[in-house]
Amino acid sequence: MTQPASNNPDKSGKPVFAARSITKTYHVGEVDVHALRGVDLDLYAGEFLVLLGPSGSGKSTLLNVLGGLDLPTSGHVRYLDQDLTSYSDAELTMFRRRHVGFVFQFYNLIPSLTARENIELVTDIASDPMDARDALELVQLRDRMDHFPAQLSGGEQQRVAIARAIAKRPEVLLCDEPTGALDGVTGVVVLEAIERVNAELGTTTAVITHNAVISQMAHRVVSLSGGAIAGTRINERRVLARELSW
Amino acid sequence: MRALHRKLFRDLIKLRSQTAAIALVMACGVATFVMSLSMLDSLQGTMDRYYEEHRFANVFASMKRAPLSLAERVREIPGVGEVESRVVEAVTLDMPLMEEPASGSVVSLPSDSREGINRLYVRSGRFPEGRGSLEVLVSQRFAEAHGLAPGDGVNAVLNGRLETLRVVGVALSPEYVWLIPPGGILPENKRYGVFWMGREEMDAAFDMKGAFNDLAIRVMPGADEAEIIERVDELTAQYGGLGAYEREDQISHKFVANELEELRAMTLIVPAIFLGVAAFLLNIVLSRMISAQREQIAALKALGYSSGEIGRHYLSFVLLIACVSGVVGAAGGAWMGRGLTRIYVDFMDFPSFEYDLHPRVLLLGFVVSAVAAMIGVASALRAAMRLPPAEAMKQQAPQNYRPTVLERAGLQRFVPLSARMIIRHIERRPLKTALSVLGIALACAILVVGGYSEDSVDYLLDFQFQRVQRYDVEVVFGATTDDRALSSIRALPGVLDAEPYRALPVRLRSDHWQRRTGILGLTSGDGLYKLLDMNGTPHALPEHGVLLATTLGQWLGVGPGDLVTVEALEGRRPEFTAEVAGLIDDFSGLAAYMNVDEMNRLMHEQGTVGGVYLSTDPQDSQSLYQDLREAPQVAGVNVKASTIKSFRETVSKNLGIMRSFMVGFSVIIAFGVVYNSARISLSERSRDLATLRVIGFTRREVAIIQLGELATITALAIPVGLVLGYFLSWLTSQATNAELIRIPFIIHPSTFALAASVVVGASLVSGLIVRTRIDKLDLISVLKSRE
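Residues numbered from 1 in each chain as written. Chains lettered and ligands numbered in written order. Predicted model: local features only at pLDDT ≥ 70, side-chain atom pairs only at ≥ 80, totals over all residues.

Would you explain the interface of chain A and chain B in this entry?
Many structure descriptions define interface size as the accessible area lost when the parts assemble. Contacts between the two partners involve 24 residues from chain A, matched on the other side by 25 residues from chain B. Those elements that provide at least two residues to the side of chain A that touches chain B are α2 (89-99) and α3 (115-123) of chain A. Residues that form the side of chain A that touches chain B fall into these classes: 14 nonpolar, 4 polar and 6 charged. (Contact = placed C-beta atoms within 7 Å. Helix = DSSP H or I, 4+ residues; strand = E, 2+ residues; numbered from the N terminus. Nonpolar A, V, L, I, M, F, W, Y, C, P; charged D, E, K, R; others polar.)

Okay, here's the thing in structure tokens:
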């Protein structure tokens, strides 16, 4: 079952992110690896974007550059009016702290902190955070807030990670293979959480995956291959996460 | 090279800074071990050779005056090898560099001065030759203290006449390794000199022709020294014999033996601590490495490597470190041992220097370090060997944490998140945390051990010289004299108060226990010489009977009310029994006290005085010293201030050398432990820290969380270390069982403060290094890998 594209992002205004001619070269031993070879990409407010591609296509590198984790070898990334590529390390830290929420394949929860405390890590340093309990409510884990990561299943850990990412009310949520370590059923639950964040909070969301099924829930799908954009597709009809299966 | 060996070397290179820190600590252990043992061997060997080559006597006896024929009779005692009869006389000296009078002993040389017992080693110049002249050899320490060289003259009062001794050479003697004045217990290089003069000149100067007053005896191997001493005493009794004694009671040797004893105590404890710490460091590094290499171990096992091969692989990693440490430590230990031996040989003024490094010491050093390393890693190795391959391939579940004590007590609102992370991390691995705390605490403890001996000596000096010996000057009379000498001294300008005393050499007996010592006869226990026990509690001088030091009482097996037999070794040498009036637990160990009138009564003498304690007016000291120099009865003058100064210059210097070694080593230990703990904790937490950085924590904020743990562990370790240091110092003080002086067990607060600050300093430096590592955290790669 499909549904009409809802919450259509505003593409008339300026993009949240504007990446131009991004290249990224790693020196691995004596070999240069060209992870990105001149990528142009815009990300609009409220948009749900899926970056699709096989491993080694450069999608993680692109996400890292957008999120201020890494600087491109050449090219520019603008976040609203700011040029991220000119930022110092300290400025990038503040940028991440204020505007970006990250979700990783392996959750990266702090094992010595409970679910709620993992979220408080972020709310403690954010300027206008939501209550940690509300963030957990959003991923439907409020009843498990005093559990440590070791006491949670993989899917639950990832939902806590999502709650942690969105608790600061970030402008953008970047998810790198959020279901990569999960089975299909659990993965869907996690995607539902991301979908809800995008829909209810209007958070611009970019999800990296190699799983083409997931791209059906996006507004727009950008395919990467060999460090370059191989194609862009706009889903006229988005599929709800709970209807996905793989 | 097999692939597994290549892995070994790459692992070593990857963990190079940590393995280097461990190797350094372990090398320090081996080095202290090799250094101490080789130094002890060398000093003992040098001393033995010196004694043997210079034919140091085994038995000594002094008397008033005996005919030369007596020496022949002593030679006939079974077991006696060689006998040398000598003339030894006390003199007062007039040294231009000194305000206060100095004293000396003049010892006669045999007719052929290159032969005989207690042969001299002539450092410079020659033996005395000119007949009728007053040519002398002077002891090296005294010559150094006064800048004397061949050709110089020394003014001395010989037998009541002022003469000039002509220095023709500087010499060392096994009999006077340390220059300790008669009646003293501490070396005084400046105030007491020994001179050697031709026998004929001595006979003439002291009217001793055809007679002697001192015997040096070499006994044959296996002879019964006690038996010989008894026979010598019988023979010398009618000539005013003072009682023969063996080498162990010879004051210079006693002091040398005491030094070696103190060094021996150090050799046991310090290397043990170092190797223990190194073993512990290896354990934490290897455990960490094995848990990080779970998948590799599983893969190796899946490929067909046996558990034994895996175990051997990691064991070689450890043994390689132990080997490198062994080589570096042995080389460093030999180098330091050689240097330190030289310092001590100079310090003790042995004429030759030979450094003995026995191969067994090196071998033992190696074996000890290898064994310590293997003990350290046994548990980690077992874990690697037991790891089932299938399980190891699985992803490790997140580590289990639980709320801390504080939170269980409902206090979490007051504990910030970062603190909660730190506390939970520490609480989750209590054993690991305890070991880290223990490691740092040990470093702290070594520093306390290094400082305690100095504190104790300081305390002792203050106690003995300020509170017990309250006089300023002690005047020793040449021969026991009577009250008239006392009144003439009392009348000298500058003397505020004078109190006579008599030091009586005795042999105390109870059942079959006997002990050669001295009884100090005093007029009061509360005058210029105050009787205080260790706690500073005053003791009254008993009217009757004898007050014994507790250790002496224990030695003799007597307590208050018991009787001891006193064999006087002076005057008519009467033997009498005295009741033990009490025991005084003081620092002297072998002291005994009596009322001087009671002493004289028991000696069947009247008003005999051996010396006098003076309290003086510092303004008149110069003229007083001049008067004392000229007073005929005066054989020696001990100025307390000079004694303290001289002591500080010799003994404290020795302690200072030891202490600087200890501080150096402790810094290495502290740094090795702290740095390793910090690095390991960083590698365990790098993923968490990178996550924090990604979600927007600054480097500073992340560093606070990471370094907070280091700070907490250091803070926990310091009090533990101080307590441990107190305990180890106590152990060392028990191991140093010096009979000469009982060293009190005192640790000054500043020693604790220094120990704590060194550890804090090492933590700060490690923290800074870790901080730079945190700054370089690779955010992306950490996130891409699973735990």
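Explain the sheet that holds strand β10 (residues 211-219) of chain B to me, please; I cannot follow it from the model alone.
Within a sheet, each strand pairs with its neighbour through backbone hydrogen bonds, oriented either parallel or antiparallel. All names here are of chain B. An order of β2-β10-β1-β11 is seen for the 4 strands of this open sheet, with the pairing classed as antiparallel. The sheet is open, and its two borders are formed by β2 (80-86) and β11 (245-246), each paired with just one other strand. In terms of strand pairing, strand β1 (residues 59-67) meets β11 through 2 bridges, oriented antiparallel. Across the sheet, Val59 pairs through a bridge with Glu246, a residue of β11. Across the sheet, helix α3 (residues 68-75) is in contact with β1, β2 and β10; its angle to β2 comes to roughly 165 degrees. Running at roughly 10 degrees to β1, helix α6 (residues 225-236) makes contact with β1, β2, β10 and β11 of the sheet. (Pairing = 2+ DSSP bridges. Axes fitted to C-alpha atoms, helices over the stretch in contact; angles between N-to-C directions.)

Could you clarify how one ought to interpret the sheet that holds strand β5 (residues 74-79) of chain A in this entry?
All names here are of chain A. Strand order in this open sheet of 4 strands is β3-β2-β5-β6, and the pairing throughout is antiparallel. Each having just a single partner strand, β3 (31-43) and β6 (82-83) make up the two edges of the open sheet. Sheet topology places β5 next to β6; 2 bridges connect them, and they run antiparallel. Within the sheet, the bridge partner assigned to Arg78 lies in β6 and is Asp83. Along the sheet, helix α1 (residues 59-66) makes contact with β2 (17-28), β3 and β5, crossing β2 at roughly 120 degrees.

Explanation requested: unusual backbone geometry in the structure shown.
Excluding glycine, most residues fall at negative phi; most peptide bonds, likewise, are trans. A positive phi angle, close to 65 degrees, is found at Tyr107 of chain A, a residue other than glycine. By C-beta crowding, Tyr107 of chain A is classed as buried, having 26 other C-beta atoms within 10 Å. For Arg55 of chain B, which is not glycine, the phi dihedral falls at a positive 50 degrees. Along the chain, Arg55 of chain B falls in the loop between α2 (16-53) and β1. (Buried ≥ 20, exposed ≤ 12 C-beta atoms within 10 Å, placed from the backbone.)

What is the right way to read the pairing of strand β11 (residues 228-234) of chain A from this model?
Here is the key point about a regular strand: its side chains alternate between the two faces of the sheet. All names here are of chain A. With 6 bridges joining them, strand β10 (residues 220-225) and β11 adopt antiparallel strand pairing. When the bridges of β11 are listed, Ser223 appears paired with Gly231. Where β10 hands over to β11, the hairpin turn is made up of 2 residues, of which Gly226 adopts a positive phi near 55 degrees.

Hey, could you run me through the environment of Arg86 of chain B in this one?
Residue and element names in this part refer to chain B. Along the chain, Arg86 falls in strand β2. For the pair formed by Arg86 and Asp203, sequence separation is 117 residues and the distance between their alpha carbons is 9.8 Å. Not counting the four nearest positions on each side in its chain, Arg86 is found in contact with Val107, Ser108, Phe212, Asp214 and Ala216.

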